[in-house]
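# Architecture and fold: a report
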Amino acid sequence: MLDLSYRPRRLRRTPALRNLVEETQLRVSDLIYPLFVMEGDNQRQEIPSMPGSYRYSLDLLVEEVKTAVSLGIPAIALFPAVPETQKDRHGSESFNPDGLIPQALRALKAAAPEITLITDVALDPYNIDGHDGIVEDGVILNDETVEILCQQAITQAEAGSDIVAPSDMMDGRVGAIREALDDAGYTDVAILAYTAKYASAYYGPFRDALGSAPKAGDKKTYQMNPANAREALLELELDEAEGADMVMVKPALAYLDIIYRLKEATNLPVAAYNVSGEYAMIKAAAEMGWIDGQKVMLETLLGMKRAGADMILTYFAKEVALLFKS
Ligand code: PBG
């Protein structure tokens, strides 16, 4: 016999004991369900690189969101698939009050008033160049872009968005959007800042879903270098000072240390974005029969919570909710 005064396995002996000492829980009420909206009627198109994820026309989007409500999902994040013909150099469709997102917001507020509506503030789905900002001679113009982002945020607030989420990574946009919203009377609309958003290859399937890949160049002059962690803390300081209500780390899986660092450094709620490429990897390996997709999904999301995420944006939200219900 070993002479051990402490045997950690004592508390792992039964499911009841394991539950008792469990430190982290994944709950449906922590999940935000990102959804893609497109034009048309009665349309539901599966995204090839994101099996189980779809672009919905408005009518079917409303049905999907009602299902999300019935499953206890507290929030959705909306992304538009904008026809190429509506795109221009300044992303002016982004602040069209009759655009796809404002229409969806109005329909959803009427049909499912209890769910929280989050909208992305950035130009890439609307911009002919596929960049989050205005491009001139290959350069992304910061301050000119921020002006448009403010108009976009106001248009979304007007149509019923509860939380605007700037994902563009322009400097100073959180403060400018806060001021614009307040001046327009939307003091209750919150800002979820994409605080540490990295220039990541994990966004590939999302860009397929929206047809929003950059036509030229990459996003490295505005999205962060994956090598940097302290810079995320600098972005956090700025977003806090500018009035962010919540901060986000994106992607999540390869950036769990960043989630942890932000959580240590702030008293604001921290969100993690389990992005499209992370979703696609699990789906693909599960389809090949190489991993147990459900278990890997739950373990991955739990890891994000353990790292410090208060909430997780995930394309798995509905699948998790269905699983927990059964
Ligand atoms: C655009 C935006 C992107 C995502 C969310 N908002 C893509 C990008 O920055 O190129 C990615 C989400 C995902 O991959 O799931 N501003």
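The structure under discussion appears in the preceding block.
A brief report on the enclosed structure follows. Computed from a prediction, not measured in an experiment: that's the story for all the values here. (Residues numbered from 1 in each chain as written. Predicted model: local features only at pLDDT ≥ 70, side-chain atom pairs only at ≥ 80, totals over all residues. Heavy atoms only, no water.)

### Description of the site of the ligand
Of all residues adjacent to the ligand, which total 18 residues, the nearest are Lys 197, Lys 219, Lys 250, Ser 276 and Tyr 315. Ser 167 has a polar side-chain atom sitting 2.7 Å from a nitrogen atom of the ligand. In the environment of the ligand, an oxygen atom lies 2.7 Å from a nitrogen or oxygen atom belonging to the side chain of Lys 197. Here the ligand has 400 Å² of accessible area as a free molecule, and 100% of this is covered by the chains. Looking at the shell around the ligand, its residues break down into eight nonpolar, three polar and seven charged. (Near = heavy atom within 4 Å. Polar contact = N/O pair within 3.5 Å; in protein donor to acceptor, adjacent residues only side chain to side chain. Areas by Shrake-Rupley, 256 points an atom, 1.4 Å probe, with all protein chains shown as cover. Nonpolar A, V, L, I, M, F, W, Y, C, P; charged D, E, K, R; others polar.)

### A closer look at the side chain of Ser 212
By secondary structure assignment, the location of Ser 212 is in the loop between helix H6 (204-210) and helix H7 (230-242). On the basis of relative accessible area, Ser 212 is assigned to the buried category, the value being 1%. Among residues more than four places away in sequence, those in contact with Ser 212 are Asp 124, Pro 125, Gly 130, Phe 206 and Arg 207. (Helix = DSSP H or I, 4+ residues; strand = E, 2+ residues; numbered from the N terminus. Buried < 20%, exposed > 50% of the residue type's maximum accessible area, 1.4 Å probe, protein only. Contact = heavy atoms within 4.5 Å.)

### A word on a positive patch on the surface
The grouping of Arg 7, Arg 9, Arg 10 and Arg 12 at the surface amounts to a positive patch. By the secondary structure assignment, Arg 7 is in the segment before helix H1 (15-20). Residue class for Arg 7 comes out partly exposed when judged on its relative accessible area of 33%. (Patch = residues over 30% accessible without salt bridge, like charges linked within 9 Å, V, L, I, M, F, W, Y side chains within 5 Å. Salt bridge = Lys/Arg side-chain N within 4 Å of Asp/Glu carboxyl O. Lys, Arg positive; Asp, Glu negative; His and termini not counted. Charge placed at Lys NZ, Arg CZ, Asp CG, Glu CD.)

### With respect to the side chain of Ser 200
Following the sequence through the fold, Ser 200 ends up in the loop between strand E9 (190-197) and H6. Not counting residues within four places of it along the chain, the set of residues in contact with Ser 200 comprises Arg 207, Gln 223 and Pro 251.

### Considering the packing of aromatic side chains
This model, assessed by the stated rule, comprises 10 aromatic pairs. With a centroid separation of 4.6 Å and 50 degrees between ring planes, the pair formed by Tyr 279 and Phe 316 is classed as tilted. Remark: Phe 316 occurs in the loop between strand E12 (311-314) and helix H11 (317-325) and Tyr 279 occurs in helix H9 (residues 276-287); sequence separation between them is 37 residues. Exposure class is identical for Tyr 279 and Phe 316. Each is buried. (Phe/Tyr/Trp six-rings, centres within 6.5 Å; stacked < 30°, edge-to-face > 60°.)

### Quick look at the pairing of strand E5 (residues 116-121)
In terms of burial, E5 is a largely internal element, five of the six residues being buried. Two strands pair when backbone bridges link them, and strand E4 (residues 75-80) and E5 are joined in this way by four bridges, in the parallel orientation. Following the sheet pairing, Leu 78 is matched in E5 by Thr 119. Read from E4 through helix H3 (residues 100-111) to E5, the crossover connection turns out right-handed. (Pairing = 2+ DSSP bridges. Right-handed = clockwise from strand over helix to strand, strands pointing away.)

### Observations regarding the pairing of strand E2 (residues 44-47)
Here is the key point about a regular strand: its side chains alternate between the two faces of the sheet. Pairing geometry for E2 and strand E3 (residues 50-57), over four bridges, is antiparallel. By the bridge assignment for E3, Glu 46 is matched with Tyr 54. Hairpin geometry of E2 and E3 is characterised by an intervening segment of two residues between the two adjacent antiparallel strands.

### Here we look at H3
Because the α-helix completes a turn every 3.6 residues, residues three or four places apart line up on one side. With 12 residues, H3 should reach 16 Å at 1.5 Å per residue; the first-to-last C-alpha distance of 16 Å fits that figure. If you check which residues of H3 are buried, you get Leu 100, Ile 101, Pro 102, Ala 104, Leu 105 and Leu 108. Summarising the contacts, the buried residues of H3 are in contact with strand E1 (31-38), helix H2 (58-70), E4, E5 and helix H4 (142-159). (Expected span 1.5 Å × (residues − 1).)

### Let's talk about unusual backbone geometry
The amide bond that connects Lys 250 to the next residue, Pro 251, takes the cis arrangement and shows omega of -10 degrees. The topology assignment puts Pro 251 in the loop between strand E10 (246-250) and helix H8 (256-265). Even without being glycine, Asn 42 reaches a positive phi, approximately 55 degrees. Position of Asn 42 among the secondary structure elements: in the loop between E1 and E2. For Asp 137, which is not a glycine, the phi torsion comes out positive at approximately 50 degrees. Mapping Asp 137 onto the fold places it in the loop between strand E6 (134-136) and strand E7 (139-141).

### Concerning the pattern of salt bridges
Under the criterion given, the structure shown has 17 salt bridges. A salt bridge links Arg 173 to Asp 168, with the nearest nitrogen and oxygen atoms 3.2 Å apart. Across this residue pair, the class does not change: Arg 173 and Asp 168 are buried. Lys 283 is the salt-bridge partner of Glu 319, the closest N and O atoms lying 2.7 Å from each other.

Functional significance is not addressed by these values, which are geometric in nature.
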